[in-house]
Amino acid sequence: MSRLPLAFSAFSVIAASLLSLPAFAADDHHGNHPAHEHGVGKLDVALEGNTLTLHLDTPLINLVGFEHAATSARDKETVQAMAKVLRDAGRMFATDAAAQCKPAEIQLESAVLPPALLGEKSPSSAAPAAASDGHADLDGDFTLVCASPGALNTVDASALFRAFPGFQRIDVQLATPKKQAAFQLAPDNAIIPLN
Ligand SMILES: [Zn+2]
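Parameters and conventions
- Residues numbered from 1 in each chain as written.
- Predicted model: local features only at pLDDT ≥ 70, side-chain atom pairs only at ≥ 80, totals over all residues.
- Helix = DSSP H or I, 4+ residues; strand = E, 2+ residues; numbered from the N terminus.
- Buried ≥ 20, exposed ≤ 12 C-beta atoms within 10 Å, placed from the backbone.
- Contact = placed C-beta atoms within 7 Å.
- Core = buried A, V, L, I, M, F, W, Y, C linked by C-beta atoms within 7 Å.
- Pairing = 2+ DSSP bridges.
- Expected span 1.5 Å × (residues − 1).
- Arc of directions from axis to C-beta.
- Axes fitted to C-alpha atoms, helices over the stretch in contact; angles between N-to-C directions.
- pLDDT = per-residue confidence, 0-100.

**Student:** Teacher, can you tell me more about the overall build of the protein chain here?
**Tutor:** In terms of helices and strands, the protein chain carries 5 helices and 9 strands. Buried positions account for 32% of the 195 residues belonging to the protein chain. The contacts in the protein chain between residues at least 6 apart in sequence include a share of 66% that link residues at least 24 apart.

If you want it as structure tokens, here you go:
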């Protein structure tokens with residue numbers, strides 16, 4: 001298990017960041033974003049009432065293998081296929097069947113990709129800008145509504161790791177009315193305990 005005490009995981013992240021400085025870049029589009037480290041994603045999970053919200057913040061490379069604007073037909077196909085898989089939120093973030101959670105709203109955004117390519121129906125007015133430093137992120141907001149939230153015990157992100165082998169690790173921050181915790185997920189350890 002990689003359920004490390006918070007202080008230690010924070011130290012690991014700092015240590016890892018010092019060792020991989022070239023992979024880091026400040027993100028001009030979302031100034032409050034944490035560091036950008038290839039292979040690593042961040043996932044905020046919150047449960048409030050019957051609503052489970054997940055916010056995924058990841059270097060784009062983890063999902064499509066590049067971080068430049070999708071100019072070629074092949075790049076565009078790759079992005080569209082990625083968005084389609086990611087939008088299958090009930091599979092990417094599997095929940096207990098008894099909780100009867102269903103995806104209610106999904107929003108994908110990346111500074112270098114047109115919203116339409118990500119499957120957004122009402123594109124924001126912001127035109128995609130080229131990444132000035134060669135790095136780009138993708139932000140995903142996933143809202144699931146659960147008919148029986150009391151039966152919700154875990155969120156399983158195994159399918160997300162299987163679909164996108166670019167993820168080596170996902171750092172999770174969990175907040176429920178009863179619990180606040182941090183977890184590190186890996187391809188062979190991708191289940192978030194909610195209780
Ligand atoms: Zn990058």
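**Student:** Explain the nonpolar core here, please?
**Tutor:** For soluble globular proteins, nonpolar side chains are generally found buried alongside one another. Leu 54, Val 79, Phe 93 and Ala 157 are the most contacted members of the largest nonpolar core, which has 44 residues in total. Those residues in contact with Ala 157, other than ones at most four positions away along the chain, are Met 92, Phe 93, Ile 170, Leu 185, Ala 190 and Ile 192.

**Student:** Is there a simple way to think about the pairing of strand β7 (residues 169-175) in this case?
**Tutor:** Consecutive side chains along a regular strand alternate between the two faces of the sheet. As paired elements, strand β1 (residues 40-48) and β7 share 7 bridges and run parallel to each other. Across the sheet, the residue bridging to Lys 42 is Asp 171, located in β7.

**Student:** Which parts of the structure should I look at to understand helix α3 (residues 73-86)?
**Tutor:** Counting along an α-helix, one turn takes 3.6 residues, and residues three or four places apart therefore face a common direction. Helix length check: α3 (14 residues) gives 20 Å between terminal C-alpha atoms against 20 Å at 1.5 Å per residue, within 8%. Listing the buried residues of α3 in full gives Val 79, Met 82, Ala 83 and Leu 86. Looking straight down α3, one finds that the buried residues subtend no more than 95 degrees of arc, so they occupy a single side. With respect to the buried face of α3, the exposed residues turned more than 90 degrees away are Ala 73, Arg 74, Glu 77, Ala 81 and Lys 84. Where α3 is buried, its residues contact α2 (61-64), α4 (89-92), β4 (101-109) and β5 (137-146).

**Student:** Even after reading the chapter, I still don't get the pairing of strand β8 (residues 180-185), so can you show me in this structure?
**Tutor:** With 6 bridges joining them, β7 and β8 adopt antiparallel strand pairing. Its bridge partner being in β8, Gln 173 is matched across the sheet by Ala 182. Once β7 ends, the chain turns through 4 residues before running back antiparallel as β8.

**Student:** Got a minute to help me understand the sheet that holds strand β6 (residues 154-156) in this structure?
**Tutor:** To summarise the sheet geometry, strands pair through backbone hydrogen bonds and adopt either a parallel or an antiparallel arrangement. Spatial strand order, β3-β6-β9: 3 strands in an open sheet with antiparallel pairing. Only two strands of the sheet have a single neighbouring strand rather than two, namely β3 (94-95) and β9 (191-193).

**Student:** Help me understand the sheet that holds β8 in this model?
**Tutor:** Spatially, the 6 strands line up as an open sheet ordered β4-β5-β2-β1-β7-β8, and their pairing is mixed. In this open sheet, the two edge strands, each paired with only one partner strand, are β4 and β8. Geometrically, the sheet is characterised by an average inter-axis angle of 15 degrees between neighbouring strands, direction not taken into account.

**Student:** Quick question: what am I supposed to make of the confidence of the model for the protein chain here?
**Tutor:** Detail in the predicted coordinates should be disregarded across regions flagged by low pLDDT. Overall, the predicted model of the protein chain reaches an average pLDDT of 85, with 77% of residues at or above 70. Contacts of residues 1-33 to residues separated by more than four positions or lying in other chains number 30 contacts, the stretch itself having pLDDT below 50.

**Student:** Even after reading the chapter, I still don't get unusual backbone geometry, so can you show me in this structure?
**Tutor:** A negative phi angle is the norm for most residues apart from glycine, just as the trans form is the norm for most peptide bonds. The phi angle at Gln 100 is positive, at roughly 50 degrees, despite the residue not being glycine. Relative to the helices and strands, Gln 100 is located in the loop between β3 and β4. Overall, the presence of 15 C-beta atoms within 10 Å leaves Gln 100 in the partly exposed class.

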